[in-house]
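# Fold and geometry: a report
Next come the chains, spelled out residue by residue.
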Amino acid sequence: MWLILLILVLPLSNVWSALNESMSKYREAQVTLKSALLSHGAVRGNLCPAQRMSKVNLTINFRVYEVLASDDLEQSFTTVSYMEVNWDDNDLTWNSEDYEGVNCMPLTLDEIWHPSLVVTNAADHEMVMIKPMDNQLTVCNNGHIFLKTPVFLKTTCYLDLTFYPFDTQECQILIMPFPENCHFEVRTKTIDYMQDPFQLTGEWEITHQNMSTSHYDVGDTYEPLAECLYCTESTA
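Note that the coordinates shown come from a computational prediction; the quantities given were computed from them, not determined experimentally.

Here the focus is the state of the cysteines. What the rule picks out here adds up to three disulfides. Residue C104 pairs covalently with C140 via a disulfide, S to S 2.0 Å. Its S-S torsion of about 100 degrees marks the bond between C104 and C140 as right-handed, since a negative value means left-handed. Here C140 lies in strand β5 (residues 136-140) and C104 lies in strand β3 (residues 104-108), a separation of 36 residues in the sequence. With a relative accessible area of 32%, C104 lands in the partly exposed category.

Let's shift gears to unusual backbone geometry. With a phi close to 55 degrees, Q75 is a non-glycine residue in the positive phi region. By the element assignment, Q75 lies in the loop between β1 (56-71) and β2 (76-93). What makes Q75 partly exposed here is its relative accessible area of 22%. Positioned with a positive phi, E100 is a non-glycine residue whose angle comes to about 55 degrees.

Cut-off values and rules
Residues numbered from 1 in each chain as written. Predicted model: local features only at pLDDT ≥ 70, side-chain atom pairs only at ≥ 80, totals over all residues. Heavy atoms only, no water. Disulfide = S-S within 2.5 Å. Helix = DSSP H or I, 4+ residues; strand = E, 2+ residues; numbered from the N terminus. Buried < 20%, exposed > 50% of the residue type's maximum accessible area, 1.4 Å probe, protein only.

Below you can see the structure in the form of structure tokens.
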């Protein structure tokens, strides 16, 4: 009986040992890869990819999930949204076969360049710059980088209270990548609906929203702008 159990257990222990060895090699490959990526001069210097390429193609995917508060006097809405920002950097590419099959890996925001995003219709000076709640982003072996984060914003919106408390409002959130010696081309998409990850309830229901692009007048130039237009109904 004991001999049979021993015969059954030994192969399992061999499999477990092989898995541990494989995971150890994978983690070592991640460490080696990270060192190789961050040793590149342009990456280490935190330079915008547009200084090495012709432009940065920036995709801003966005969805407003809840209106947390409204201020009739200030004419503003406080919202919680979810945002995904994607771009490419040709200096952050690698052959995954050289690194134990590592296709994507996390890096922190302070390790590589990432776009600074400005809310041009912010109603609170502390919310002008979008501050990701998580300090991590993901880099893949084709140079594609993506950042995902919840976003809490307070933005201006003209509130028409003619039919209060059965009123509807149409508001915007305007997001511009800060130029910082970069040439941007912006594309947008409304994130497909998924169950509200924040599970918050307020006095407004979002009935419709759409993302589009336009331009913002900055002195003598026009900078690309991502616009989120959303409509709400009072549930009070």
